[in-house]
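Results of the structural survey
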Amino acid sequence: PQYARGRLLQCRLSFGPGAPGVLFNSALFFYVFLPVVVLGYYAGRARGGYAVAEAWLFAASLLFYASWDVRYLPLLLGSIAVNYRLGQTLRRQPRRRWLAVGVALNLGLLGFYKYADFFLGEVNALAGTAYPLIGVILPLGLSFITFQQIAYLVDSYHGQSHGDEGWLRYALFVTFFPQLVAGPIVQHREIIPQFGALARPTPGLPWGFATGLFIFSVGLFKKVVIADSLAPWADRAFADATALGFFDAWTAALAYTLQIYFDFSAYSDMAVGLGLLFGLRLPLNFLSPYQAVTISDFWRRWHITLGRFLRDYLYIPLGGNRQRLARTLMALAVTMLLGGLWHGAAWTFVAWGGLHGAYLAVYHLWRRGRWRLPRPVAWALTFTAVVFAWVLFRADSFAAAWHLWGAMLGLHGVDLPNTLRPMLGFLGEAVVWSMPRQANGLEMLILLPLLVFVVTQPNVHDLAARFQPTRRWGVTTFGAAAAAVVLLGQPTTFIYWAF
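Residues numbered from 1 in each chain as written. Predicted model: local features only at pLDDT ≥ 70, side-chain atom pairs only at ≥ 80, totals over all residues. Heavy atoms only, no water.

1. Considering the overall build of the chain
When helices and strands are tallied, the chain shows 20 helices and zero strands. For the chain, the proportion of its 499 residues judged to be buried stands at 55%. Once local pairs closer than 6 in sequence are excluded, the contacts in the chain between residues at least 24 apart make up 75%. When the accessible area of the chain is evaluated, it comes to approximately 22,000 Å², of which 67% is carbon and sulfur surface. (Helix = DSSP H or I, 4+ residues; strand = E, 2+ residues; numbered from the N terminus. Buried < 20%, exposed > 50% of the residue type's maximum accessible area, 1.4 Å probe, protein only. Contact = heavy atoms within 4.5 Å. Areas by Shrake-Rupley, 256 points an atom, 1.4 Å probe, with all protein chains shown as cover.)

If you want it as structure tokens, here you go:
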């Protein structure tokens, strides 16, 4: 794969040069892969028992992963085998050295594939050396798989894992295709008991099958109809950030803010929906994050399973749950800097994590003072801070992010859409500075109502809690799926697949 921040991720299929892998939002997945897997799963369960169904689902997950690059299949299977063995050892002999070995192996694997060339390039730039880059390609989903297996090892060490359910069930826990590539980051004790419950024979489809179809359909709609429509606006603007004025800069920032929300929440919704088709309840990853009124509240709603991992396995062990302010602030800074680095091998990602760490530090100090802001003011402040941080996350360089921030603050002049300029009369010439490129204002007419909808309306999981297998809900599900299928065309990958 060739990774580009926030842009389309072009991948090649090892089975055929230049062919894409299996995407959730592709006709291949929708018409072929998913129906075959679902039918095979329930047919195998009815005729051969749940063990056959598990084996079928594991084989389908490996095929899904191999469709992107079959060369990394042995790496995935080897990692699963080693971590499973270490987990069993830690359960019997909870010794720190075995835990350290396991964590080091997982982080070493991730570090080699994700950061080796990045740090070699930095060494060459700083020391004037010319070490050749290794040229390795990041295996799909390795960042998520690494965190998932580290959590398993730590839980095994503390005696909190569910127990020995066998290698196949553990391997399915890691490779289950709905969450294999971009999360949610599930924990062993969440999924393994569900496998055990499903092993008990029950007639018919699981209770959540219809709900899963609804959630998957809404997620597909969010990706194909909304996120992919916003992507060209953000890509075009960030490609030449130095040409942006005030209005264009805010248009670009809001377009990407909404694009990454609809793109990543769509994947997370589709993963949860797919899990329900097989009777598995995956954890939520989004809970209306743009409705948050504090930055801490935002991180309890955005990428929930990553935030949970960072809190439980990094922030708390660093002493972040203690009352000493200095220790809390230090733990916050380290956690968010490493969380930023996890997103990609670039200093802009590290700075993005550091910026959010600074936000959280300010919030902790504010909360200690017991001050309060009116709820609308608190929301506006939180959302603005998040939007400014997304600029750094998306920008190709610090210089581009700095220029775009300046444009958003009006430091490079104010540009208004051509449709509004005649309405200002002499003010259009007296106080409005035009930039080389001017927006026509149509984007904002779509972005602002979309933002209002996101901030005020219930999310898909609130709706799913009220879901009933009735005609009205069936029409809604079919309408969302049909609208997305009509626009499927050439599928685009999800933003977080690059991480």
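2. A look at the packing of helix H14 (residues 347–368) against helix H15 (residues 375–394)
Axis separation between H14 and H15 bottoms out at 8 Å; the angle between their running directions is 165°. By the angle between their axes, H14 is roughly antiparallel relative to H15. For the pair H14 and H15, the sense of crossing is right-handed. Of the residues in H15, those touching H14 at Thr348, Phe349, Ala351, Trp352, Leu355, His356 and Tyr359 are Ala385, Val386, Phe388, Ala389, Trp390, Leu392 and Phe393. Looking at the contact of H14 with H15 residue by residue, the classes come out as twelve nonpolar, two polar and no charged. (Axes fitted to C-alpha atoms, helices over the stretch in contact; angles between N-to-C directions. Parallel < 35°, antiparallel > 145°, perpendicular 65-115°, else oblique. Left-handed = near helix turned anticlockwise from the far one by under 90°. Nonpolar A, V, L, I, M, F, W, Y, C, P; charged D, E, K, R; others polar.)

3. Re the pattern of salt bridges
The tally for this structure, following the rule as stated, stands at eleven salt bridges. Residue arginine 189 is joined to aspartate 155 by a salt bridge in which the shortest nitrogen-to-oxygen separation is 2.5 Å. Of this pair, arginine 189 sits in helix H8 (residues 188–198) while aspartate 155 sits in helix H5 (residues 142–157); the two residues are 34 residues apart in sequence, bridging distant segments of the chain. Exposure remark for arginine 189: the relative accessible area of 34% places this residue in the partly exposed category. Its salt-bridge partner being aspartate 396, residue arginine 394 comes within 3.9 Å of it at the nearest N-O pair. A relative accessible area of 40% means that aspartate 396 is categorised as partly exposed. The network of salt bridges with common partners includes Lys223, Asp228 and Asp263. (Salt bridge = Lys/Arg side-chain N within 4 Å of Asp/Glu carboxyl O.)

4. Some remarks on the side chain of arginine 308
One can find arginine 308 in helix H12 (residues 304–315). Each residue touching arginine 308, except ones within four places of it in the same chain, is listed here: Ile185, Val186, Gln187, Glu190 and Pro283.

5. As for a nonpolar patch on the surface
A contiguous nonpolar patch, built from Leu28, Tyr31, Val32, Val36 and Trp56 and spanning about 480 Å² of accessible area, is present on the exposed surface. Top contributing element to the nonpolar patch by residue count: helix H1 (residues 27–48), with four residues. (Patch = residues over 30% accessible without salt bridge, like charges linked within 9 Å, V, L, I, M, F, W, Y side chains within 5 Å.)

6. A few points about the environment of tyrosine 152
Mapped onto the secondary structure, tyrosine 152 falls in helix H5. Taking the C-alpha atoms as reference points, tyrosine 152 and leucine 86, 66 residues apart in sequence, are found 9.7 Å from one another. In this structure, tyrosine 152 is in contact with Asn83, Tyr84, Gly87, Gln88, Arg91, Ser161, Tyr170 and His188, ignoring residues within four places of it in sequence.

7. Looking at helix H6 (residues 167–175)
Here H6 lies mainly inside the structure; seven of its nine residues are buried. Within H6, the full set of buried residues consists of Arg169, Tyr170, Ala171, Leu172, Phe173, Val174 and Thr175. Looking at the buried side of H6, the elements it contacts are helix H2 (50–66), helix H3 (73–92), H5, helix H7 (177–180) and H8.

8. Points about the side chain of histidine 461
Topologically, histidine 461 is positioned in helix H19 (residues 460–465). On the basis of relative accessibility, which here comes to 13%, the residue histidine 461 falls in the buried class. Filtering out sequence-adjacent residues up to four positions away, histidine 461 remains in contact with Ile215, Asp269, Val272, Leu284 and Phe286.

9. Some details on the packing of H3 against H6
A packed helix pair is summarised by two numbers, namely the angle formed by the two axes and the spacing between the axes. Two elements in contact, H3 and H6, have axes separated by 10 Å at closest approach and are oriented at 125°. By the criterion of interaxial angle, the relationship of H3 to H6 is oblique. Between H3 and H6 the crossing geometry is right-handed. Residues Leu76, Leu77, Ile80, Ala81, Asn83 and Tyr84 of H3 pack against Trp167, Tyr170, Ala171, Val174 and Thr175 of H6. Its residues placed into classes, the contact of H3 with H6 shows nine nonpolar, two polar and no charged.

10. Focus on the environment of valine 387
For valine 387, the position within the fold is in helix H15. For valine 387, a relative accessible area of 0% translates into the label buried. For the pair valine 387 and alanine 255, spaced 132 residues apart in sequence, the C-alpha separation works out to 10.0 Å. Beyond its immediate sequence surroundings of up to four residues, valine 387 is in contact with Trp250, Ala253, Leu254, Thr257 and Met408.

11. Considering the confidence of the model for the chain
Confidence in the prediction of the chain, expressed as mean pLDDT, is 84, and 88% of residues score 70 or more. Between the elements of the chain, mean pLDDT differs from a low of 52, seen in helix H17 (residues 427–430), to a high of 95, seen in H15. Scored below 50 in pLDDT, residues 1–19 makes 56 contacts in the model with residues more than four places away or belonging to other chains. When the criterion is pLDDT under 50, residues 430–438 qualifies, and its contacts beyond four places in sequence or with other chains add up to 24 contacts. (pLDDT = per-residue confidence, 0-100.)

12. Looking at the packing of aromatic side chains
Using the criterion set out here, one finds 57 aromatic pairs in the structure. Between the aromatic rings of phenylalanine 298 and tryptophan 302, the centroid separation amounts to 5.8 Å while the plane-to-plane angle is 15°, which identifies the pairing as stacked. Taken individually, phenylalanine 298 and tryptophan 302 each receive the classification buried, so the pair is uniform in this respect. With a centroid separation of 5.0 Å and 35° between ring planes, the pair formed by phenylalanine 309 and tyrosine 313 is classed as tilted. With a gap of four residues between them, phenylalanine 309 and tyrosine 313 both fall in helix H12, about one helical turn apart. Across this residue pair, the class does not change: phenylalanine 309 and tyrosine 313 are buried. Between lysine 114 and the ring centre of tryptophan 342, over which it is positioned, the NZ or CZ distance is 5.2 Å. (Phe/Tyr/Trp six-rings, centres within 6.5 Å; stacked < 30°, edge-to-face > 60°. Lys NZ or Arg CZ within 6 Å of the ring centre and 35° of its normal.)

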